[in-house]
Amino acid sequence: MLSYTVRRLGQLLLVAVALSILLFAWLRSLPGGPVSALLGDRATAQSRAQLTAALGLDQPIPVQYVHFLGRAATGDFGVSTGVQPGDGALTIFLQRFPATIELSVLAIIIAIGAGIPLGYLAARRRGGWMDNASVVGSLVGVAVPVFFLAFLLKFVFAVKLGWLPTSGRQSADLDATRVTGFFVLDGLLTREWDASWDALKHLLLPALALGSIPFAVIFRITRGAVLEVLDEDYVRTAHSKGLTGGTIRRRHVLRNAMLPVVTTIGLQTGALLSGAVLTERVFAYPGIGQALALSFERRDYAVLQIVIIAAALCYVLVNLVVDLSYAVIDPRVRT
Amino acid sequence: MIRFRTTRRERTEVPRTRSRARTVVALAAAATVAVALPACAQSQRGNEGGAAQSGGTLTFGAAGAPDLFDPFYANDGETFRVSRQIFEGLVGFKPGGSTITPELATDWSSTPDGKTWTFNLRTGVKFQDGTDFNGDAVCANFDRWYNQTGAAQNPALSFYWHDNFGGFADHKEPSLFDSCQAQSPTKAVVKLTRATGKFPSVLAEASFAMQSPTAMKKYDANNIVAAGDSFTYPAYAQSHPTGTGPFVFDGYDKGNGTITLKRNENYWGPKAKLDKLIFRIIPDEKARLQALQAGDIDGYDLPNPADWQTLQQNFNLEIREPFNILYLGFTQKNNPALQDLRVRQALAYAIDRKTLVSSTMPEHAEVAREFYPPSVEGYSPDVQDYPYDPQKARDLLKQANASNLTVNFYWPTEVTRPYMPDPRSIFGAIQANLQAVGVKVNPISKPWNGGYLDDVDNAKADLFLLGWTGDYNSPDNFIGTFFGSLNNRFWLQAAPWGQQLGDALRAADGQPDQATRVAMYQDINRKLMSQYLPGVPIAHAPAAIVVTKKVKGLVPSPITAEEFAPVSISNS
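Reading guide: rules and limits
Residues numbered from 1 in each chain as written. Chains lettered and ligands numbered in written order. Predicted model: local features only at pLDDT ≥ 70, side-chain atom pairs only at ≥ 80, totals over all residues. Helix = DSSP H or I, 4+ residues; strand = E, 2+ residues; numbered from the N terminus. Buried ≥ 20, exposed ≤ 12 C-beta atoms within 10 Å, placed from the backbone. Contact = placed C-beta atoms within 7 Å. Pairing = 2+ DSSP bridges. Axes fitted to C-alpha atoms, helices over the stretch in contact; angles between N-to-C directions. Nonpolar A, V, L, I, M, F, W, Y, C, P; charged D, E, K, R; others polar. Parallel < 35°, antiparallel > 145°, perpendicular 65-115°, else oblique. Left-handed = near helix turned anticlockwise from the far one by under 90°. Core = buried A, V, L, I, M, F, W, Y, C linked by C-beta atoms within 7 Å. Right-handed = clockwise from strand over helix to strand, strands pointing away. pLDDT = per-residue confidence, 0-100. Expected span 1.5 Å × (residues − 1).

**A few points about the overall build of chain A**
Now for step 1: Broken down by element type, chain A carries 14 helices and zero strands.
Now for step 2: Moving toward the C terminus, one meets the helices and strands of chain A in the order α-α-α-α-α-α-α-α-α-α-α-α-α-α.
Now for step 3: Within chain A, buried positions represent 47% of all 335 residues.
Now for step 4: By sequence separation, contacts in chain A at least 24 residues apart represent 72% of the contacts at least 6 residues apart.

As C-alpha cells, then:
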C-alpha cells in the first residue's frame, strides 16, 4: 500500500514536469502574447521591441524554459502580467484557490447530498414517479450547458427575484476579517456571522450551477449500481437469512453500490475545474477558474502555467485519494 | 433459527454501538473545534464596519483589476479610474470637458519661447500622509519621473513619460524635460528643452499626478524590478498610494476583487460626499449589467451600446461627447498598389461611412472627416471630403491600373473598444463596400491580444481597423502619435511624403504661438486628407457610463476622467 502510494506520488512530479514543458512551448508558440496585452493599441514597433527584450521573450523557447526552471526551483513561478499585474503567480493561485475549493466543496456536497439519496430511492422504486422524475431531472442536468444554467439561475434568483447576489464572493461593504481565505469559515472563526452568511449566499447559485453535472452523473451511477446490486445473489441470500431490510440496504446494497459511485465522485471532483471556468466567469467569482479564463484572454503566461499545472495535479491527487478510499470501502482491495 | 437471530443481533448491534460511539466522539470533536477555533482568530472589523454612515457607499463595477496604484507606471483605464480619485495634478480637466483647468496650480505662465513655465501653487494643501504640498514636492515629482532607471524606463511602465517627454536623465534619448526649480513653497518653475503645444495640457494626464515624496521614499516607489517575464512593483504602488485628492486608499481585497477608497477628511477643497467608494471587479460585461440590474453595484463604465436602450428605461445612462477616432489604416509595405494615392482615394470613396456609422455605431456617433474630433485644436473646416461614390472609386482604380486589386484586410476578434463597439459588423460593412467596387478582400481575423495587434504593428496587414481615445486635448496626442515616426503601422517610410509629414508634425508641436500652431495643424489636416491619405477616418463614437437613479452628480467626461467627489447616493 505504502509503495503504491509513493509510486503514485512520483507520477505527480512527472505529470508536473511534462505539463510544464508542453505548456511552456505551446503558450509561447501562440500568436500574440503579453507584449500586446500590456501595451494594447498604444504600442509602437519600438516599444514592442523594448518590452519583448525586457521580458526575455526574444530568446529561444528552450532558453526561456531553462530560466523558468531556475526560478521555479527557488519557488518563483513568475509574475502576473494580466490577472493581477505585479503579483506572483503562486501568490495569485494560493489567494484564489480557497475560493474555488469553497465553491467546489459546496457543489460536490449538493451533488452528493442530492445524487446518492435520489439515486438510491429511484432504484428502490424503479418505474415509479420518483424514478421517472429523477431520471428526467438528471438528463436535464447533464444536457444543459453549465454556463446556460448559471445564467438562468442568476437571472431568476438574483436579477428578477433579488434573493441572492449576482456576483463576487462577499459584499464589499461588510469589511470582513480575512483569516484562511475561506470566507464562510473565516466568518465562523471570527464570529462575524453576517460575513459567513453573506459568503454562503454568494456561493449558493454558482455551486448549484457547478454541481448540476456531478449531481446528474452521481444520481445515474448510484441508481444503476443499486439496481445491479439488488439483483445480486448475496442480497437474495441475505434476505433468505432473515436479515432486516435496513441491514441489507446499509451493509450489502449501499456499501457495494458505493464503489462505482466513489470513483465517479472522484472523477467529477477533478473535472469541476472545467465547470468552474464557466461558472466563475458568469458569477464574477474570483477563483482560479476565473483566473484561468482571464490569463488566457490576457496572455498571462505565468498564471496560466501555474493554474493548469496545479489543476492537473489536483486531478491526479483526487484520483489517488479515490483509489485509496477503495481500500476503506472494499476490504478485498486491502489484501 | 435461534442461532441465526443471535448472530444477526451480534452482527448488527455491535457495529451500531461502535458507530454510535464514533458519532459521539466526532460530535464532541466538532464542538471542541467550533468553540476553540474562534479563539485563534479575532475580528479586525473597524467600528464603522457594515454600519450605515452619513454619505453612504457607492459601489462601481470595474472591468478589470488595476495594474497598480502608482499612476506614473500605469497605462490602463482601470488604474486611472481609481488613481484620479486619490491624486491630483497641477492642472486638471474641466468637468465634462477635455480642456484644462487649475487644480494644484492656481495659474501658470510661460516665457515667449514656450520653454520656461512658472506654476503658482495652491496653498494649504497637504498630502494624505500629512506632509505639505509645495514647490519642493512638485519638483520632487518631476525629478522622479526624469530620473527613472532600469526596468522602470520600459515603455510598458513609464508609457506616458515616453510618449510625451521622451527620454530620461541618462540622455539615451532626447527629453522634453530639462529641469524643475522650486522658487518658493508656492512657486515651481519647469524648464523644457523645446516648446510644445501639449504643455501644460499633458500634465492633466493621470500619470503626471502629484504624489507624496515622503510616502514614495518610505515605500520605495521607484523599486520596479524585471522579474522573469514580467515586473514586480514596490509596496508604494501596491498598497500605499498617497496623493492630495478627495479620497484616500483604504485597501485592495484581492480575494474578493474589491478596491475601497475612503473620504479624505483633510481634503483642501469641498470634501467628497460619499463615505466610501468601492470598485468591484467584474470582468464580464454581461455580469456587470446584471449586477447593476440586481442592485449589487451602483454603476459601471462602457455599457454595450446594444444595451443602451434597455438601460435608459431604469437607469441614468450618461453619453459622453465622442473624443476618439476609428480609422481604416493602409499599410504601404506589402501591397505596392497602396502606395498610389489614387488607390487609397478610391478605397475612401468606396466606403459608405454614413450608412456604416448609422448601422454599426451607437446613437450620437459621427462620421469622421479627419483623424481627430472637432473639439481638438487645429481641426480644419475645409479638408477634402470623401462622400460615398462607388463609380468614382471604380474610375480611380482603373486610372491606377488597380481594377483587380486584392487586399489583406485585418480585423480583430475578442475585443470591443469605445471607438469600435462591434468590429465584426464594421468589417463586414467595409468589406461589402470594397467588394462592390471590384476589390478582392482576403479577410484575416485574429484575437486582439492573440496576434492582431502584433501583426498590425509589425506592418503585416494591407488594411486594418484601429483607433484611439484621446488622453488630453492636443493634436499631437492623435496625429503626432499615429504619423510622427516612419516606422509605424502605416509603413510611412515607403511614402515619399512620410518624412515631410513627420517634420511638419514636429514643427507644429514646437510652435509656441497658439494661433500659428492652429494654422499649422489645419494645414497638416488638409494635406493628410488630400495629398497623403494614410488611412480613412471612419467615425467618432460616443461611449457611455451608467449609474442607478440613486446616484447624483456624476458628470460624464469625454476622456473617461470622471470624478466621484461631487457624487452622492441616496438611500431610497
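From this point, things continue past the structure.
**Let's talk about the sheet that holds strand β7 (residues 187-192) of chain B**
Picture the strands of a sheet paired through backbone hydrogen bonds; they go either parallel or antiparallel.
Residue and element names in this part refer to chain B.
Now for step 1: The strand order across the open sheet built from four strands is β4-β5-β7-β6, with neighbouring strands paired in antiparallel fashion. Edge positions in the sheet fall to β4 (105-110) and β6 (177-184), since each has one partner strand and no second. Adjacent strand axes in the sheet meet at a mean angle of 20 degrees, parallel and antiparallel pairs treated alike.
Now for step 2: The sheet contact formed by β6 and β7 spans six bridges and is antiparallel. Residue Q181 lies in a different strand from β7, and its bridge partner there is V189.
Now for step 3: Helix-sheet contacts for helix α3 (residues 135-146) involve β5 (116-121), β6 and β7, and the interaxial angle to β6 is about 165 degrees.

**Overview of the interface of chain B and chain A**
Now for step 1: The partner chain A presents 69 residues to the 66 residues of chain B that form the contact.
Now for step 2: Counting residues per element, the side of chain B that touches chain A draws most heavily on helix α13 (residues 448-457) of chain B, which supplies six residues.
Now for step 3: Partitioned by chemical class, the residues of the side of chain B that touches chain A number 24 nonpolar, 30 polar and 12 charged.

**Things to note about the packing of helix α5 (residues 89-124) of chain A against helix α6 (residues 129-143) of chain A**
All names here are of chain A.
Now for step 1: Contact geometry for α5 and α6: axes closest at 8 Å, N-to-C directions at 135 degrees. Accordingly, the angle class assigned to the pair α5 and α6 is oblique. Every pair of crossing elements has a handedness; the one defined by α5 and α6 is left-handed. The segment α5 lies against α6, with L118, L121 and A122 engaging M130, D131, S134 and V135.
Now for step 2: Counted by class, the contact of α5 with α6 contains five nonpolar, one polar and one charged residues.

**A few points about the nonpolar core**
Now for step 1: Counting residues in each nonpolar core, the largest one holds 248 residues, and the members touching the most others are A:I218, A:V303, A:V307, B:V138 and B:I325.
Now for step 2: Looking at this core, the element that brings in the most residues is helix α9 (residues 193-230) of chain A, giving 18 residues.
Now for step 3: What B:V138 contacts, discounting residues up to four positions off in sequence, is B:L90, B:F119, B:L121, B:C180, B:A182, B:A188 and B:M210.

**Overview of the pairing of strand β18 (residues 440-447) of chain B**
All names here are of chain B.
Now for step 1: Bridging between strand β17 (residues 406-413) and β18 involves eight bridges; their strand directions are parallel. The partner of W411 across the bridge, within β18, is S445.
Now for step 2: Assessed by its sense of winding, the connection that carries the chain from β17 through helix α12 (residues 423-436) to β18 is right-handed.

**Some thoughts on unusual backbone geometry**
Residues and elements named next belong to chain B.
Now for step 1: Here the bond from F199 into P200 is cis, since omega is 10 degrees, no more than 30 degrees from zero.
Now for step 2: Structurally, P200 is set in the loop between β7 and α5 (213-218).
Now for step 3: In this structure, H364 is a non-glycine residue whose phi angle is positive, near 75 degrees.
Now for step 4: The topology assignment puts H364 in the loop between α10 (353-360) and β16 (366-367).

**So, the confidence of the model for chain B**
Residue and element names in this part refer to chain B.
Now for step 1: Confidence in the prediction of chain B, expressed as mean pLDDT, is 90, and 91% of residues score 70 or more.
Now for step 2: Long-range and interchain partners of residues 1-17, a stretch whose pLDDT sits below 50, account for five contacts in this model, where long-range means more than four residues apart.
Now for step 3: Segment residues 48-52 is flagged for pLDDT under 50; beyond a separation of four residues in sequence, or across chains, it makes seven contacts in the model.
Now for step 4: As scored by the predictor, the complex reaches a pTM of 0.86 and an ipTM of 0.82.

**Some thoughts on helix α4 (residues 61-73) of chain A**
Now for step 1: Taking 1.5 Å per residue, 13 residues should reach 18 Å; α4(A) reaches 18 Å between its end C-alpha atoms and fits that length.
Now for step 2: Just downstream of α4(A), A:G75 is the residue with a positive phi angle, here 90 degrees.

**Some points on the pairing of β17(B)**
Now for step 1: Of the strand pairs in this sheet, β17(B) and strand β19 (residues 463-469) of chain B are connected by two bridges, and their pairing is parallel. If you follow B:Y410 over to β19(B), its bridge partner there is B:F464.

**Side note on helix α16 (residues 514-532) of chain B**
Residue and element names in this part refer to chain B.
Now for step 1: Looking at α16, one finds that the buried residues are R517, M520, Y521, Q522, I524, N525, L528, M529 and Y532.
Now for step 2: On its buried face, α16 sits against α14 (475-483) and α15 (498-509).
Now for step 3: Two residues or fewer after α16 comes L533, characterised by a positive phi angle close to 45 degrees.

**Overview of the packing of α5(A) against α9(A)**
All names here are of chain A.
Now for step 1: Contact pair α5 / α9: the axes reach a minimum separation of 6 Å and the direction vectors enclose 30 degrees. Considering only the axes of α5 and α9, their crossing is right-handed.
Now for step 2: Each residue belonging to the contact of α5 with α9 can be placed in one class, and the counts come to 25 nonpolar, four polar and two charged.

**Quick notes on the environment of B:T244**
Residue and element names in this part refer to chain B.
Now for step 1: Note that T244 resides in the loop between α6 (235-239) and β10 (247-253).
Now for step 2: When the C-alpha positions of T244 and V555 are compared, they lie 21 Å apart, and in sequence the two are 311 residues distant.
Now for step 3: Apart from residues lying up to four places away in sequence, T244 is in contact with E88, L104, V125, F127, F133, M210 and W268.

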